[in-house]
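Understanding the architecture of this molecule
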Amino acid sequence: VPGSVVEREEISELGVEVWSLSNGARLILKPTDFKDDEVLFNGRSPGGTSLAGDDVYESAAWAATLVSIGGVGEFSAVDLQKKLAGKAVSVGPSIGELSEGISGSASPKDLETMFQLVYLYFTAPRKDETAAAAFSSRMRTVLANRGANPEAVYSDTVAAVMSQYHPRRLPPTEDMLDSIDLDTALEFYRDRFADAGDFTFTLVGAFEPDDLLPLVERYLASLPTTGRDETWQDVGIEPPTGVVQRTVQKGLEPKGRQTLLFTGDFDFNRENRYTLQSMTEVLRNMLRESLREDLGGTYGVGAFGSGSREPRERYSVRIAFGADPERLVELTDAAFAAIDSLSEHGASEENLAKVKETQRRQRETDLKENSFWMSVLNVYDRNDEDLRLILDYDRLVEGLTAEAIGEAAALY
C-alpha cells in the first residue's frame, strides 16, 4: 500500500529537494547530468550494533552480512543474481557501530528494481542456513591463516591498542564465529530495519524528481514504522591517553612499518574539520619531501586527519610509512622534526599555496561527481549543518593561513 510525500522543500542553490514521507522518513534528492546511466542511493538510521547487548554482539555485528548472503523474499542470493541478470542494479544492507543503513545503485531504467530490493531488504530478509554454514567455513579458513600474515597482525594490534583492547575492537577469532547464531542475527537485523521512520535516504544521479514520485510513494513511503524514539548508545570505546608504544615483530622479510597516531578531544565544527584536514595535507607534503626525497627512506608516506562527532567529539591524526626496519627510528625522528617545525613556524607560503590550489582543483572535479554529492549531502545533513554551506568551500580555502596551519599542528 503506497504512502505519500507530505512535504517537498526545494533548495534551489544546490538543485536539491528534501521530501518528507508519510511514514516519517526523509529523502534528499539531487538530480544531475554528470552520467546518464547512474543513480546512487543510500539510507541511514541511528542505532547500529551499539544497541546490541554484549551477549549477542557477534551475531549483531554479522547480521547484515548474513542477510546479504541469504537473499530476500523468495530468492536465495544465487537465485537473486539470476533474476537480476541483464539489469544494472545492486543493493545491500549494512549495520555499523552507531547506525544501520542500505545503499545501492542503478541505471535509470532499473530504478524500480532497485526500489523493490530496498523494500525487500527492509521487510523480507531471508534465512539461509546453507549459505550461513558455507560462510562460516570460508571465514574459518581465512582466520586460520590470518595469524601468519604480518600485515593482518599489525593492523589488528593497532586496532586493539587504540581501543584499549575493548572486546568490540578485538580481531575476529574462531571462538567469535562459534558465538554467531543465525536466528539471533536475523532477529537483530529485523529490529534495526523495523522502523523506517527515522531513516534519511539520499538519491543522486540521472532522474527527474517528479518521475520518481510514484516509486518513492510505493516503495519508501510504505516502509513500516513503529514511531519509536531511539538513537545510538556510547559503548565506551576510548583511545589510550599519554604516550603508548607497541612493537610488532612478525614475518620473515626485512620489512618495516610505522604508524603514529594522535587523538584527543575536538571542537567539532566545519571550520575546525577543514583546518585539521588542511594541516595534514601540508604535513603530508613536508613528510614526502623529508622522508622520501631528502632521506630516500620510503616509497610513500601518508598523513590523514579527521574529526568525529559521534559518540564523542574527537580528532584523529594518522601518519604512516613503510621502510627498511633498520631505518624506522631515523625516519620516525625525521617525521617528528617535521611536526615540530610545522607547529613552531607554520606552513611555508609555497606549501600552503600548493595545498590550496590542489583543494580548489579537487573541488572543481568533485562537483561533477555523483559520489561526491552523495557523500557531502550525507555528511552535512548528519551533522545538522545547512546544506547550502556546501557551496561555501572556496571561502574556507581563501581564509586558510600559514599561522592557522601551525596552530592546528601544535593543537593536534
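This write-up is about the structure you can find in this document.

Parameters at a glance
- Residues numbered from 1 in each chain as written.
- Predicted model: local features only at pLDDT ≥ 70, side-chain atom pairs only at ≥ 80, totals over all residues.
- Heavy atoms only, no water.
- Helix = DSSP H or I, 4+ residues; strand = E, 2+ residues; numbered from the N terminus.
- Rg over C-alpha atoms; globule rule 2.2 N^0.38 Å.
- Buried < 20%, exposed > 50% of the residue type's maximum accessible area, 1.4 Å probe, protein only.
- Contact = heavy atoms within 4.5 Å.
- Areas by Shrake-Rupley, 256 points an atom, 1.4 Å probe, with all protein chains shown as cover.
- Lys, Arg positive; Asp, Glu negative; His and termini not counted.
- Charge placed at Lys NZ, Arg CZ, Asp CG, Glu CD.
- Axes fitted to C-alpha atoms, helices over the stretch in contact; angles between N-to-C directions.
- Parallel < 35°, antiparallel > 145°, perpendicular 65-115°, else oblique.
- Left-handed = near helix turned anticlockwise from the far one by under 90°.
- Nonpolar A, V, L, I, M, F, W, Y, C, P; charged D, E, K, R; others polar.
- Polar contact = N/O pair within 3.5 Å; in protein donor to acceptor, adjacent residues only side chain to side chain.
- Phe/Tyr/Trp six-rings, centres within 6.5 Å; stacked < 30°, edge-to-face > 60°.

Looking at the overall build of the protein
If you tally the helices and strands in the protein, you get 15 helices and 10 strands. Over its C-alpha trace the protein gives a radius of gyration of 24 Å, about what one expects of a compact globule, namely 22 Å for 412 residues. Dimensions along the principal axes, computed over C-alpha positions, put the protein at roughly 65 × 55 × 40 Å. A buried classification covers 46% of the 412 residues belonging to the protein. Here the contacts in the protein between residues at least 6 apart in sequence split such that 78% fall between residues at least 24 apart. Carbon and sulfur atoms form 48% of the exposed surface of the protein, whose accessible area is close to 20,800 Å². Each charge class in the protein was averaged separately, 43 positive and 70 negative side chains, and the resulting centres sit 4 Å apart.

Remarks on the packing of helix H10 (residues 270–294) against helix H12 (residues 349–366)
Relative to each other, H10 and H12 sit at 120 degrees, their axes nearing to 10 Å. Between H10 and H12, the interaxial angle falls into the category oblique. Handedness of the H10/H12 crossing: right-handed. Contact residues: Tyr 274, Ser 278, Glu 281, Val 282, Asn 285 and Met 286 in H10; Asn 351, Lys 354, Val 355 and Gln 359 in H12. For the contact of H10 with H12, a count of residues per class yields 4 nonpolar, 4 polar and 2 charged.

Examining the environment of Asp 394
Residue placement: Asp 394 occurs in helix H14 (residues 393–399). Residue classification places Asp 394 among the partly exposed residues on the basis of a relative accessible area of 48%. Asp 394 sits 126 residues away from Phe 268 along the chain, and the two C-alpha atoms are 20 Å apart.

Some details on the side chain of Ser 99
Following the sequence through the fold, Ser 99 ends up in strand E6 (residues 99–106). Within polar-contact distance, the side chain of Ser 99 engages the side chain of Arg 44 at 3.5 Å. Apart from the residues lying within four places of it in its own chain, the contact partners of Ser 99 are Arg 44, Ser 45, Pro 46, Gly 47 and Gly 48.

Here's the deal with the packing of aromatic side chains
According to the stated counting rule, one finds 15 aromatic pairs in the structure shown. On the basis of an interplanar angle of 35 degrees and a centroid distance of 5.9 Å, the ring pair of Phe 193 and Phe 199 is categorised as tilted. Ring geometry for Phe 266 versus Phe 268: centroids 6.2 Å apart, planes at 80 degrees, classification edge-to-face. With respect to burial, Phe 266 and Phe 268 carry one shared label: buried.

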